[in-house]
Amino acid sequence: MAILLISSFALLSLPLQAAGKEDVSAQQLKELNSRIKALEQSLNQVKGAKAEVLKKLQASEKKISDTARAIRSNLASSKRLQSRLSVLRAEKNSLRLKQNQQKDYLKKQIRSAYAMGRQEYLKVLLNQQQPDQVSRVLRYYDYINKERSRHIDEYLETARSLNRIEKEILQKDYVLTTTRSKLEADRGRLKVEQKKRETLVSQLDQEISGKGQELARLNQDRARLEKLLKEVQQAIVNIPMPKDTRPFKSMRGKLPWPLKGRVAYAFGSEQIRGKLRRNGMVIRGQEGTEIKAIHSGRVVFSDWLRGYGVLLILDHGNGFMSLYGHNQSLLREAGDWIHAGESIATVGRSGGQSRSGLYFEIRKKGAPQDPIIWLGKR
């Protein structure tokens, strides 16, 4: 699980000045692993009738995430292959033209040599009376022979290059066909899994009847997230930012938006009337649209979490974190360094959502912040 990776990069994220001077002991690392493993097992635990449905929903949404990521990867590979094939075909056409020109030149050379006869070199020498003319003729024929040899060598090199390119075109064509087949298969699996997910979400909605049960579920989801954030903060040490990165606190009102879209629910808006308010905002977006990191940082969580679906959490240092939930797929793994503006996920409906969009939070030392005061004007 991705959360276990937090423990693996806890050592890597020690302050630069401390790195190499003191190591985390084997016992400390073992204790850290045990704590996070226990957390992982407890976070997604479900009791009651909804347990089986939630487990199936988790499995389905994670499968959708993996499949969507595979589709994205295959699409990128397909584009690269098509681009390479275009370059190769243009190079092939250029070499064909060059080869034809070389062939025509050699034909002319052969005809000239034949017209002059096999003994043309000796005849010309014997017909010359002056020594300086003999020397000049010798140089002339040496030059002609060298030019013939050079053109023959160039023709052979062109033929070899053409053969190499034709082989690469065949190989790339095969890989492209295979990639496209995988792409179509993945798209088919995605459609099947999405239909399965719709059935599970509908089943889950039917089992949650009344605001009381919904409130209890939302409170449990929120408590689960708070527990995760607390454990993450305890598991990692202060991460030194690159020297060219501005501190997060200096970016108040200047951060880029993670997604271009309409704000469906603002920070503090009611989730259940008079009972519960949102700790983040929901931005609408088309499924599959790229989500960007608002600031440089390191991925500290990249996995599925009940209530938030496919979730990614970035730590920006000095107690600041940003959260990106309800994603379709994740493009980065726990432990990865991220720069502001990099694509980190794609818009989805995970976590049992009926509409696609991004759930977005900013935290300062665990406390939810209104993202609007940190984001720049659009």
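Residues numbered from 1 in each chain as written. Predicted model: local features only at pLDDT ≥ 70, side-chain atom pairs only at ≥ 80, totals over all residues. Heavy atoms only, no water.

Novice: What am I meant to see in the nonpolar core here?
Specialist: In a soluble, globular protein the nonpolar side chains are often hidden away together inside. Ile 294, Leu 314, Tyr 324, Ile 344 and Phe 360 are the most contacted members of the largest nonpolar core, which has 27 residues in total. Only β4 (281–284), β6 (297–305), β7 (309–317), β8 (320–330), β10 (343–347) and β11 (357–364) provide two or more residues apiece to this core. Not counting residues up to four positions away in its chain, the partners in contact with Phe 360 are Pro 258, Gly 280, Met 281, Ile 294, Ser 322, Leu 323, Tyr 324, Pro 371 and Leu 375. (Core = buried A, V, L, I, M, F, W, Y, C linked by side-chain atoms within 4.5 Å. Buried < 20%, exposed > 50% of the residue type's maximum accessible area, 1.4 Å probe, protein only. Helix = DSSP H or I, 4+ residues; strand = E, 2+ residues; numbered from the N terminus. Contact = heavy atoms within 4.5 Å.)

Novice: In this structure, what is going on with the pattern of salt bridges? I would like to understand it.
Specialist: Side chains that differ in charge, positive against negative, can pair when their charged atoms come close. Across all of its chains, the model carries 21 salt bridges by this definition. Residue Arg 89 is joined to Asp 173 by a salt bridge in which the shortest nitrogen-to-oxygen separation is 3.1 Å. Linking Arg 89 in helix α3 (residues 51–116) with Asp 173 in helix α5 (residues 131–207), this pair joins segments that are 84 residues apart in sequence. Across the pair Arg 363 and Glu 226 runs a salt bridge whose closest N-O atoms are separated by 2.9 Å. Residue Arg 363 is located in strand β11, and its partner Glu 226 is located in helix α6 (residues 211–235); the two are separated by 137 residues in the primary sequence. For Glu 226, a relative accessible area of 29% translates into the label partly exposed. One network of salt bridges, with partners in common, ties together Arg 72, Glu 290 and Lys 292. (Salt bridge = Lys/Arg side-chain N within 4 Å of Asp/Glu carboxyl O.)

Novice: How do you make sense of the side chain of Glu 61 when you look at a structure like this?
Specialist: Of note, Glu 61 is situated in helix α3. Take Glu 61: its relative accessible area is 2%, and that puts it in the buried class. Among all residues touching Glu 61, those that are not within four sequence positions of it are Arg 197, Trp 304, Gly 309, Val 310, Arg 349, Ser 350, Gly 351 and Gly 352.

Novice: Looking at this structure, I do not really get the packing of aromatic side chains. What am I missing?
Specialist: In this description, a pair of aromatic rings is defined by centroid distance and the angle of the planes. Under the defined criterion, the tally for this structure stands at five aromatic pairs. Taken together, a centroid distance of 5.2 Å and an interplanar angle of 40° make the contact between Phe 248 and Trp 374 tilted. Taken together, the positions of Phe 248 in the loop between α6 and β1 (263–265) and Trp 374 in the segment after β12 (367–369) put the pair 126 residues apart, joining distant regions of the chain. Assigned by exposure class, Phe 248 and Trp 374 land together as buried. Ring geometry for Tyr 308 and Tyr 359: centres 5.7 Å apart, planes at 50°, overall tilted. Here the residue Tyr 308 occupies a position in the loop between β6 and β7, and Tyr 359 occupies one in strand β11, the gap between them amounting to 51 residues. What makes Tyr 308 buried here is its relative accessible area of 9%. By relative accessible area, which is 9% here, Tyr 359 ends up buried. Over the aromatic face of Trp 374 sits the side chain of Arg 252, whose NZ or CZ is 5.6 Å from the ring centroid. (Phe/Tyr/Trp six-rings, centres within 6.5 Å; stacked < 30°, edge-to-face > 60°. Lys NZ or Arg CZ within 6 Å of the ring centre and 35° of its normal.)

Novice: How should the environment of His 339 be read in this particular structure?
Specialist: By the secondary structure assignment, His 339 is in the loop between β9 (337–338) and β10. Classification of His 339 as partly exposed rests on a relative accessible area of 45%. Leaving out residues up to four positions away in the same chain, His 339 has contacts with Ala 293 and Ser 296.

Novice: In this structure, what is going on with unusual backbone geometry? I would like to understand it.
Specialist: Most peptide bonds take the trans configuration, and most residues that are not glycine carry a negative phi. Positive phi is not limited to glycine here, since Asn 318 has a value of about 55°. Counting through the fold element by element, Asn 318 comes out in the loop between β7 and β8. Look at His 326: it is not a glycine, yet its phi comes out positive at around 65°. By secondary structure assignment, the location of His 326 is in strand β8.

Novice: What am I meant to see in the pairing of β6 here?
Specialist: On any regular strand, side chains alternate: one points to one face of the sheet, the next to the other face. Across the nine residues that make up β6, a large majority, nine, are buried. Direction of pairing for β6 relative to β9: antiparallel, over a ladder of two bridges. Residue pairing across strands places Gly 297 opposite Ile 338, the latter belonging to β9. Strand direction decides the pairing type here: β6 and β7, joined by seven bridges, are antiparallel. Directly across from Phe 301, in β7, lies its bridge partner Ile 313. Connecting β6 to the next strand, β7, in antiparallel fashion are three residues, including Gly 307 with a positive phi near 90°. (Pairing = 2+ DSSP bridges.)

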